[in-house]
Amino acid sequence: TTAAPNSACKKGRKARHKKGKAIELDAETCGMGLEPNVITCPALISACEKGHSPEKAMKLFAEMKHRGNIPDTSTYNALISACEKDHKVDKAIELLAEMQLIGLEPNLSIYAAVIRACKKDHKEEKAMEFFAEAQQRGLLPDWVPYTCLS
């Protein structure tokens, strides 16, 4: 049935606004008989990112991969954004490389988060490298990456 997943999604939207709620939701999701999967894990990871809980997001990501679920671009987007917010530039760069290694194409939002992370860590040269890489991939530079570089 779809009632349980829909309920989990509604709770996930609420969890985004309250720090720490994502892990509670994870317990509730498992209690409903739902296995963490490619639907529930990215939603929980996104909730952790929005709740400024990068360690919880990374834990969920590891669990997702351990269960054999393949992360998608939105999952990496949330993780990289969480790293950027938590000043973990090396991890953000590592995740970008990992997603490319498994064949996922980073989008402009992902590049913008990596560029911001580099700038926050005073790695302007790296930020420029990622900006150039985004341009080479055909992502049109708009105000987002330009703003990140200024």
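Our structure's up above, just so we're on the same page.
Report follows, based on the coordinates.

Conventions and cut-offs
Counting restarts for each chain, with residues numbered from 1 along the sequence as it is written. Reporting of local features is limited, given that this is a predicted model, to residues whose pLDDT is at least 70; pairs of side-chain atoms are given and counted only at 80 or more, and all residues count toward the totals for whole chains, interfaces and linings. Hydrogens are left out, water is left out, and the side-chain values use all remaining heavy atoms of the structure. Secondary structure follows DSSP: runs of H or I at least 4 residues long count as helices, runs of E at least 2 residues long count as strands, and numbering of each begins at the N terminus. For this analysis, a polar contact is any N or O atom pair within 3.5 Å, provided that within protein one partner can donate a hydrogen and the other can accept it, and provided that sequence-adjacent residues contribute only side-chain to side-chain pairs. Residue contacts are defined here by distance: any two heavy atoms, one from each residue, within 4.5 Å place the two residues in contact. To get an axis, fit a line to the C-alpha atoms, keeping to the stretch in contact for a helix; angles then go from 0 to 180 degrees between the N-to-C directions. Oblique is the label for any angle not covered by the other classes, which are roughly parallel (under 35 degrees), roughly antiparallel (over 145) and roughly perpendicular (65 to 115). Here is the rule for handedness: rotate from the far helix to the near one, and if that takes an anticlockwise turn smaller than a right angle the crossing is left-handed, while a clockwise turn gives right-handed. Gly is put with the polar residues, along with every residue not named as nonpolar or charged; the nonpolar set is Ala, Val, Leu, Ile, Met, Phe, Trp, Tyr, Cys and Pro, and the charged set is Asp, Glu, Lys and Arg. Here, the term nonpolar core denotes a set of buried Ala, Val, Leu, Ile, Met, Phe, Trp, Tyr and Cys residues that are joined through side-chain atoms within 4.5 Å. The rule is simple: take the accessible area with a 1.4 Å probe, protein chains only, and divide by the maximum for that residue type; under 20% is buried, over 50% is exposed, in between is partly exposed. Each aromatic pair joins two rings of Phe, Tyr and Trp (for Trp, the six-membered one) with centres within 6.5 Å, and gets the label stacked for planes under 30 degrees apart, edge-to-face for over 60, and tilted for any other angle. The working definition used for a salt bridge is a side-chain nitrogen of Lys or Arg within 4 Å of a carboxyl oxygen of Asp or Glu. Here the expected span of a helix is defined as 1.5 Å times the quantity of residues minus one. Patch membership needs two things, relative accessible area over 30% and no salt bridge, and members are linked within 9 Å if like-charged or within 5 Å if nonpolar (Val, Leu, Ile, Met, Phe, Trp, Tyr). Only the protein chains shown count as cover for residues, with accessible areas throughout obtained via the Shrake-Rupley method and a probe of 1.4 Å.

### Details of the side chain of E84
Here E84 shows up in helix α5 (residues 73–85). Among the polar contacts listed, one links the side chain of E84 to the side chain of K120, at a separation of 2.6 Å. Excluding residues within four positions of it along the chain, E84 makes contact with A113, R116, A117 and K120.

### Quick look at the packing of helix α6 (residues 89–101) against helix α7 (residues 108–120)
Contact geometry of α6 with α7 gives a least axis separation of 9 Å together with a crossing angle of 150 degrees. One way to sum up the angle between α6 and α7 is to call them roughly antiparallel. For the element pair α6 and α7, the recorded crossing hand is left-handed. Contact residues: V89, A92, I93, L96, M99 and Q100 in α6; I110, Y111, V114, A117 and C118 in α7. A per-class count over the contact of α6 with α7 returns 10 nonpolar, one polar and no charged.

### Considerations on the nonpolar core
Soluble globular proteins tend to pack their nonpolar side chains together in the buried interior. Formed by 31 residues in total, the largest nonpolar core has its most connected members in I45, I80, L96 and F130. If one sorts the elements of this core by residue count, α7 sits on top with seven residues. Setting aside residues up to four positions removed in sequence, F130 forms contacts with I93, L96, Y111, V114, I115 and C118.

### Describing the packing of aromatic side chains
Scanning the entire structure with this criterion turns up one aromatic pair. With a centroid separation of 5.4 Å and 75 degrees between ring planes, the pair formed by F61 and Y76 is classed as edge-to-face. Taken as a pair, F61 in helix α4 (residues 54–66) and Y76 in helix α5 lie far apart in primary sequence, 15 residues in all.

### Quick word on the pattern of salt bridges
Tallying each qualifying case throughout the model produces 13 salt bridges. Close ionic contact of E49 with K50 constitutes a salt bridge, the shortest N to O distance being 3.3 Å. Classification of E49 as buried rests on a relative accessible area of 5%. One connected set of salt bridges, linked through shared partners, spans E49, K50 and K85.

### Describing α5
Residue pairs spaced three or four apart in an α-helix point in one direction, given the helix's 3.6 residues per turn. For α5, which comprises 13 residues, the first-to-last C-alpha distance of 18 Å matches the rise-based estimate of 18 Å (1.5 Å per residue) to within 8%. Looking at α5, one finds that the buried residues are T75, Y76, A78, L79, I80, S81, A82, C83 and E84. Downstream of α5 by a residue or two, H87 has a phi angle that is positive, lying close to 60 degrees.

### Digging into the environment of E125
Of note, E125 is situated in helix α8 (residues 124–136). On a C-alpha basis, the gap between E125 and I115 in space is 9.9 Å, while along the polypeptide they are 10 residues apart.

### Side note on a nonpolar patch on the surface
A cluster of nonpolar side chains, contributed by I70, L101 and I102, occupies part of the molecular surface with about 360 Å² of accessible area. Position of I70 relative to the elements: it lies in the loop between α4 and α5.

### Here we look at the packing of α4 against α6
One can describe the packing of α4 onto α6 by two numbers: an axis separation of 14 Å at closest approach and a directional angle of 25 degrees. The angle between α4 and α6 falls in the class roughly parallel. Where α4 crosses over α6, the handedness of that crossing is left-handed. For the pair formed by α4 and α6, the contact residues are M58, F61 and K65 on the first element and K91, L95 and E98 on the second. In terms of residue class, the contact of α4 with α6 is made up of three nonpolar, no polar and three charged.

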